[in-house]
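# Observations on the model geometry
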Amino acid sequence: MTAGDAGIVVVGASLAGQRACAALRRHGYRGRLTVVDAEPHLPYDRPPLSKELLAATADESAAALPSAGLGIDWVLGRRARRLDVPGRTVELDGGDVLPFTGLVVATGSAPNPWPGTHPPEVGVFRTLDDARALRHRLGGGDRLLVIGAGFLGGELAAAARGRGTSVELVEAQPQPLRSALGPVAGEFVAALHRAAGVSLRTRTRVGSFTGDHRLTGAILSDGTRVAADLAVVALGASPRTGWLAGAGLRINRGLVCDRHARALGTDGAPVPGIVVAGDVARWPHPWAGPDGAVLGHWTHAVEQAEVAARNLLDPAHPATYRPVPSFWSDLYGVRLRAVGFPAFADTVEVHENDPDGGRLDIAYRRDGELVGALTGNRPGRLAAYRAQLAEALGRVPA
Amino acid sequence: MQVHVDLAVCQSHGQCVFGAPDVFSFDDDDQLRYSPSPPEERRADVIRAASACPVRAITVGPSGSGRPAA
């Protein structure tokens, strides 16, 4: 691609989009580079939002992602609403049309909303603006209800407790993070929440909210009434593919791509000039089932964006994206670090489980083979597991 | 090549250890150890390790520079 043509359009200015831009420039692309995002902000990193930013231990500069010097034409505060594959254009809300010769789809995922009406103090937590709003209200005497004790819900509860906020944390599963990490890790995390004074209620759902014009609390599935002045719905996120409807791409709870991060058409063949990276992608991996994997992890966005950018520039020699995933969560000073696919395991081996000391070491196996590991404050052991997983992955034929 | 890790910023994500285990490692007490002047031929992996750090704690500079550049 040369400087004279329509250039590359990146839809999504979050981590995957920003890393794709940096990789395009690093690999020598000097043409026009346009980044579109529905949010008005320059690229920022999401992990600090629910950690340092909410805990008020850092300001917003901690979340900024470097984008200066990349020569980007920013189209911010505008939503991509339609993709025309044969015409090679992206249509924006308002009707403007951006032509492209290459496209990076990095629209991420959207938080699953509360399925029904709710008072205005019930919200989701995904963006910098969400973080600003919640940060402002924590520590002021408001009582917080967090719905869902997954990674996000857990971190919101922890940050809020750190600010002295009273927290109700409601989880439908028997333990927090059970489907992601299993019951042992879930009980470990539950103990951390309870030790910090969070009112954790498992096997429980929020049935309805109380207060018509201003939130006063919620009625739970067991009939209990809890009081709350604000509530955050943390019930997962879904790949943002609505704008791709009717474009002729394969959509299956995510934009489906091949192992080279190339978007697939409805016929199953890669579509030239369109690559995918980050939360929005559904991609194949030897350890995933036939439907492939969708991951919302930071490292996944970084690593897939690198491969996607490279393959957009050099389609004749595509690199393969076949990572050992890794992800993390920080709760009450415990650094939970995971590698591989713990959710795919059929058995867990618990080597250390010490909630009081903040230490955890669990290996996850499927059919006897290591597929993942989780540690708490044991990074050395995690590195050893990760090396084992990389070695095992290297034995799988490409 | 000069490598510097700001250990006040490091959160033990281990991404650098995954990417360049001959340069970065955890010791028996789970403290990060690293070689401050690895051989020049390790540059590509070290730069990849630095860019994989979620908290951007690693800076890589040219050989002989007193203070590594960001």
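In short, a report on the structure. (Residues numbered from 1 in each chain as written. Chains lettered and ligands numbered in written order. Predicted model: local features only at pLDDT ≥ 70, side-chain atom pairs only at ≥ 80, totals over all residues. Heavy atoms only, no water.)

### Description of the sheet that holds strand β10 (residues 143-147) of chain A
Two strands in a sheet stick together by hydrogen bonds in their backbones, pointing the same way (parallel) or opposite ways (antiparallel). Residue and element names in this part refer to chain A. Strand order in this open sheet of five strands is β9-β16-β10-β11-β12, and the pairing throughout is parallel. Whereas interior strands pair on both sides, the edge strands pair on one side only; in this sheet they are β9 (122-123) and β12 (199-201). Relative to strand β11 (residues 166-170), β10 is paired through five bridges, and the arrangement is parallel. Across the sheet, Ile147 pairs through a bridge with Val170, a residue of β11. Most of the contacts of helix α4 (residues 151-162) go to β11, to which it runs at about 165°, and overall it touches β10, β11 and β16 (230-233). (Pairing = 2+ DSSP bridges. Helix = DSSP H or I, 4+ residues; strand = E, 2+ residues; numbered from the N terminus. Contact = heavy atoms within 4.5 Å. Axes fitted to C-alpha atoms, helices over the stretch in contact; angles between N-to-C directions.)

### Details of the side chain of A:Asp45
When you line up the elements, A:Asp45 lands in the loop between β2 (33-37) and α2 (52-55). A distance of 2.9 Å separates the side chain of A:Asp45 from the side chain of A:Trp298, its partner in a polar contact. Excluding its chain neighbours within four sequence positions, the residues that come into contact with A:Asp45 are A:Leu15, A:Ala63, A:Leu65, A:Trp298 and B:Pro54. (Polar contact = N/O pair within 3.5 Å; in protein donor to acceptor, adjacent residues only side chain to side chain.)

### Structural notes on the pairing of strand β22 (residues 326-331) of chain A
Counting buried positions along β22(A) yields five of six residues, so the element is predominantly enclosed. From the end of β22(A) to the start of strand β23 (residues 334-340) of chain A, which pair antiparallel, there are two residues, and A:Tyr332 there has a positive phi angle of about 55°. (Buried < 20%, exposed > 50% of the residue type's maximum accessible area, 1.4 Å probe, protein only.)

### Things to note about empty space enclosed by the protein
In this approach a probe as big as a water molecule rolls over the atoms, and the regions it shows empty are the leftover space. Taken as a whole, this structure holds four cavities of 30 Å³ or more when the rule is applied. Of the voids in this model, the largest cavity is the one considered here, and its volume is about 100 Å³. If you trace the largest cavity, you find 15 residues lining it, with B:Cys10, B:His13, B:Gly14, B:Cys16 and B:Cys53 closest to the centre. Broken down by class, the residue content of the lining of the largest cavity amounts to 10 nonpolar, five polar and no charged. The volume enclosed by the second largest cavity comes to roughly 50 Å³. Lining the second largest cavity, in full, are A:Ala13, A:Ser14, A:Asp37, A:Glu39, A:His41, A:Leu42, A:Pro43, A:Tyr44 and A:Arg46. (1 Å grid on protein atoms, 1.4 Å probe; cavity = no way out; pocket = protein on both sides within 12 Å on 5 of 7 lines; lining within 4 Å. Points joined across faces, edges and corners; volume = space filled by probe spheres on them. Nonpolar A, V, L, I, M, F, W, Y, C, P; charged D, E, K, R; others polar.)

### Let's talk about helix α6 (residues 298-313) of chain A
The end-to-end C-alpha separation of α6(A) is 23 Å, in line with the 22 Å expected for 16 residues at 1.5 Å each. Along α6(A), the positions that sit buried rather than exposed are A:Trp298, A:Thr299, A:His300, A:Ala301, A:Val302, A:Gln304, A:Ala305, A:Val307, A:Ala308, A:Ala309, A:Asn311 and A:Leu312. (Expected span 1.5 Å × (residues − 1).)

### So, the layout of surface pockets
By volume, the second largest pocket amounts to about 1500 Å³. Taken together, 42 residues form the lining of the second largest pocket, with A:Arg19, B:Ile47, B:Arg48, B:Ser51 and B:Ala52 sitting closest to its centre. Those elements that place two or more of their residues in the lining of the second largest pocket are α1 (15-26) and α6 of chain A together with α1 (15-19), α2 (43-51) and β4 (58-61) of chain B. For the lining of the second largest pocket, the residue count by class is 23 nonpolar, nine polar and 10 charged.

### Focus: the interface of chain A and chain B
Contact residues are listed per partner, giving 23 residues for chain A and 14 residues for chain B. Of the roughly 1500 Å² buried where chain A meets chain B, counting both sides, 50% is carbon and sulfur surface. At the boundary of chain A with chain B, the tally comes to one salt bridge. A salt bridge links B:Asp30 to A:Arg378; the shortest N-O distance between them is 3.7 Å. Counting across the interface, chain A meets chain B through eight residue pairs in polar contact (both at pLDDT 80 or more). Those elements that provide at least two residues to the side of chain A that touches chain B are α6, β22, β23 and α7 (379-395) of chain A. (Buried area = accessible area lost by both parts, 1.4 Å probe. Salt bridge = Lys/Arg side-chain N within 4 Å of Asp/Glu carboxyl O.)

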